[in-house]
Amino acid sequence: MSAVLDVKDLQVSFHTRNGVVRAVDRVSLKVGAGQTVGIVGESGSGKSVTCYSLLGLIPQPPGRIEGGTAMFGGLDLLKLSEKELQKVRGSRISMIFQDPMTSLNPYLKIGSQLVEPLRLHEGLDKAAAWKRGIAALKEVGIPEPTTRMEQYPHEFSGGMRQRVMIAMALITRPELLIADEPTTALDVTIQQQVLDLIKDLQKRLGIAVVFITHDLAVVHEVCDVVNVMYAGRLVESAAAADLFAHPRHAYTRALMRSIPALQKKGEPLYTIPGLPPDLSYLPSGCAFRARQTPGRQALCLIDRQPPLQEIAPGHWVQACPGCVEGGLPL
Amino acid sequence: MSTAVIPATLAPAIRPGRSLWQDAWARLRKNHLAVACGFVLIAVVLICFVGPRLSPWNPEVTNLALKASPPGTMETLADGSMAKHWFGTDTLGRDLLTRIMRGGQVSLMVGLVATSVALLIGVAYGATAGYLGGRTDAVMMRFVDVLYALPFMIFVILLTTMFGKSMLLMYMAIGAVEWLTMSRIVRAQVQGLARQEFVEAARSLGLSTAVILFRHIIPNVLGPVIVYATLTVPAVMLLEAALSFLGLGVQPPDSSWGTLIDDGATNMETSPWLLIYPAAFFSITLFCLNFAGDGLRDALDVRGGKD
Amino acid sequence: MSDFLVIDNASVSFPGRGRAPANLAVDGVSLTLAKGEILGLVGESGCGKSTLSRAIMQLQPLTSGRIILEGQDLSLLDGRQLRAARLNFQMVFQDPYASLNPRLTIFSTLAEAIQARTGKLSGPACWTAVEKLLERVGLDPTAALKYPHEFSGGQRQRIAIARALGPEPRLLIADEPVSALDVSIQSQIINLLLKLSRELQLTMLFVSHDLSVVRYLADRTAVMHRGKIVELGETEALMAAPQHEYSKALLAAAPALRMRH
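Residues numbered from 1 in each chain as written. Chains lettered and ligands numbered in written order. Predicted model: local features only at pLDDT ≥ 70, side-chain atom pairs only at ≥ 80, totals over all residues. Heavy atoms only, no water.

**Topic: the interface of chain C and chain A**
With 33 residues of chain C in contact, the opposing surface of chain A contributes 33 residues. At the boundary of chain C with chain A, total buried surface from both sides reaches about 2800 Å², with 59% on carbon and sulfur atoms. Between chain C and chain A we count zero salt bridges in total. Between chain C and chain A we count three residue pairs in polar contact (both at pLDDT 80 or more) in total. Listing elements by their share of the side of chain C that touches chain A, those giving two or more residues are helix H6 (183-199), helix H7 (211-217), helix H8 (235-240), helix H9 (245-253) and helix H10 (255-258) of chain C. The element that contributes the greatest number of residues to the side of chain C that touches chain A is H6(C), accounting for eight residues. Of the residues contributing to the side of chain C that touches chain A, the split by class is 15 nonpolar, 10 polar and eight charged. (Contact = heavy atoms within 4.5 Å. Buried area = accessible area lost by both parts, 1.4 Å probe. Salt bridge = Lys/Arg side-chain N within 4 Å of Asp/Glu carboxyl O. Polar contact = N/O pair within 3.5 Å; in protein donor to acceptor, adjacent residues only side chain to side chain. Helix = DSSP H or I, 4+ residues; strand = E, 2+ residues; numbered from the N terminus. Nonpolar A, V, L, I, M, F, W, Y, C, P; charged D, E, K, R; others polar.)

**Thoughts on the confidence of the model for chain B**
Here chain B averages 81 in pLDDT, and 92% of its residues register 70 or above. Confidence scores differ between elements of chain B, with strand E1 (residues 73-76) of chain B showing the lowest mean pLDDT of 76 and helix H7 (residues 197-204) of chain B the highest of 92. (pLDDT = per-residue confidence, 0-100.)

**Concerning the packing of aromatic side chains**
Taken as a whole, this structure holds 11 aromatic pairs over all chains when the rule is applied. Where B:Trp257 meets B:Phe282, the ring centres are 6.4 Å apart and the plane angle is 90°; that geometry is what we call edge-to-face. Pair noted here: B:Trp257 is in helix H9 (residues 257-266) and B:Phe282 is in helix H10 (residues 273-300), with a separation of 25 residues, a long-range link. With relative accessibility at 12%, the residue B:Phe282 sits in the buried group. Centre to centre, the rings of B:Phe287 and B:Phe291 are 4.8 Å apart; their planes meet at 65°, and the pair counts as edge-to-face. You can see B:Phe287 and its partner B:Phe291 sitting in helix H10, four residues apart, about one turn around the helix. Taken together through their ring pairs, the aromatic side chains of B:Phe87, B:Trp257, B:Tyr277, B:Phe281 and B:Phe282 make up a single cluster. Here A:Arg148 stacks its cationic end above the ring of A:Phe156, 4.3 Å away from the centre of that ring. Of note, A:Arg257 hangs over the ring of A:Tyr270, and the distance from its end group to the ring centre comes to 4.0 Å. (Phe/Tyr/Trp six-rings, centres within 6.5 Å; stacked < 30°, edge-to-face > 60°. Buried < 20%, exposed > 50% of the residue type's maximum accessible area, 1.4 Å probe, protein only. Lys NZ or Arg CZ within 6 Å of the ring centre and 35° of its normal.)

Here's what the structure looks like:
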């Protein structure tokens, strides 16, 4: 399977007054055609920065891409100029954001916002673009698309707006869709519909999807491959079924255990103690050492950062002897 | 036996009264530009209020022999000694430096009194309207609209004819007009804040409206208020000049920076120093006021020092 | 009397804009809470659960109905009495970034909450009380000297809980207290709330859209839909066999629950 996106050793840092924040540290990930790849992590883990830096969407300065490559259809996204990136953004790579309430302009009709990428990237005339817009709304399951095109965002509910955002992202038939917590701001019953819609469209159109989320349950539902990030680094990466059946890294296991739904009532909830480390003063060894309870803390590396190691075919894990369940193969 | 074991390193810092203002003062002192500007402002005030006493010249005595003489001209005093007109003299032969100092007294007072009046009324009024909301807010803001619609000049002429000419009255009149915009700015800010959860939490604690306003709301609108106040100072100084021009403000032989600049502008081609020196005082004061104001705003923002 | 909090046929309506009809956000809700009970209130955004909690907190006037806390009808109190009564019920808000005054140190925030009940305290007494509160919510006493922006979301939520506990309330309303937090922090806060409610014998109304959290925490659960309570029951029973159509839909949609199979 050829990779649509191949990120190698991406390093992003933010240079602030309080020092250098290493937001993303040597992250590599591959997205195959038609694949859904999840990036899971808590806020501050670097999952969003990873994707935003690919599209040139982090403010520079203070942000700085320190190294790595991101190959996308023969182009290295990290080396493109802003102008070249603009051509890629919104036409070959699209994004959906978390909050459908703020990502639409309240003063413009849904229709004119929806067809904007078409007019911009494909140079369609107004009538043709409008027709494609109606088709796009129909595709994401919005009833009466012709009248809906003429309405303003406030006339849409949250779930409907997210559908519009998805329609807008897919209207140019991109090769890659980056979805940043697309269901977090939605109600549970709507969440499910939106997830189903993304899954369905992805299958029909064969798009590759990068799914950023903090919600393991969502990942479990939609992703083929899961990357778990902690403190700016990948700690584990595997096929979803494999990861959920045999989570190897202590952080992944701790995350799974802390889902309230999986716990018995009456017992205290399992918690990961403490807080994620400050990214401007990262410990020299395993970043999870201070909080880790599922593994053997005493064995954690303290002198150097554990490298990623493939411990089973396609299953990569940060090779910290204290964190990896069942020890490391030698 | 004490239940509270206060770590020794903390003890000096634990002063329950350590307020926003004390913290702000500590932060302000670290802002060298703002501190320097503060010193310049103090210097300007001292020059204007102490300077005329030390000056050998009486700013009201004319000397037609020395009309519009350039900076550095010497003149013999009544006691026979010679003294220098550092900034030259004006079109009636009066010492310009002394006139700038005397004019500064008027201008600085206008700036201070009128801006303070605008601040006090504007912040209290705007915050009350914005926090209470509903019908109270509607009535209070319609009143502001009505005052806005009233022509300012007629308002001042009315006041002066009713109470006679007095500088204090003029300061108050200017302040009474400038607070309108201030109250609108504050109201808009407070409306946003009043819905914040920390204000609801304060209400849940059963705090009185006054405590909520002064402790939780007003400190959070100080940023824009300070910025607007520093913009108000030049506005009121210029307003004073306009009123004086109409014969409603300071009267000759008194002067203010506004009237001096006005005079200077008419004689710009023949005697440029008449414009340059008063304008320089005016600009330096405003410049320092802006930096000091920005410094104060940053110092009051508890997040300012961090990132 | 076993009924600690009685919500009796409470309605809140907001006037419609222009010619739009009035919006009935809370529509004749009746609930009772026994002392020491944790009641979960579940529903989607816009169902009226936040309006109801604000109405109980007397932050939002009722259009009709009554709210009776320990036999005292709160809507009959005048301003001064209400301000005194407020100390008995406190709220933990959803957004830990908006619920703390950014310009007050943690000490000032907590001291204010404590002194709302006790009146002015001397410096050392006040410090002792603040320190005790911080300890209770699992924070270091050094936190008192800092400002809210120096803390992470989870730590702020602990501070917000400490403030709510400051006036020693008997009823705590928690409005989505964990939904803005990361998973690993969520469980810390849930454990804390549970521990506090036992230690202090708090009665708690726990409002959430997250069924898995409510299932874990609440003794009884009420499902709210379009301003009405559509189902009320023992949490375990309700989750195992929901009766109302809407409860069924809500349960079916929760992705976290399906992971168990």
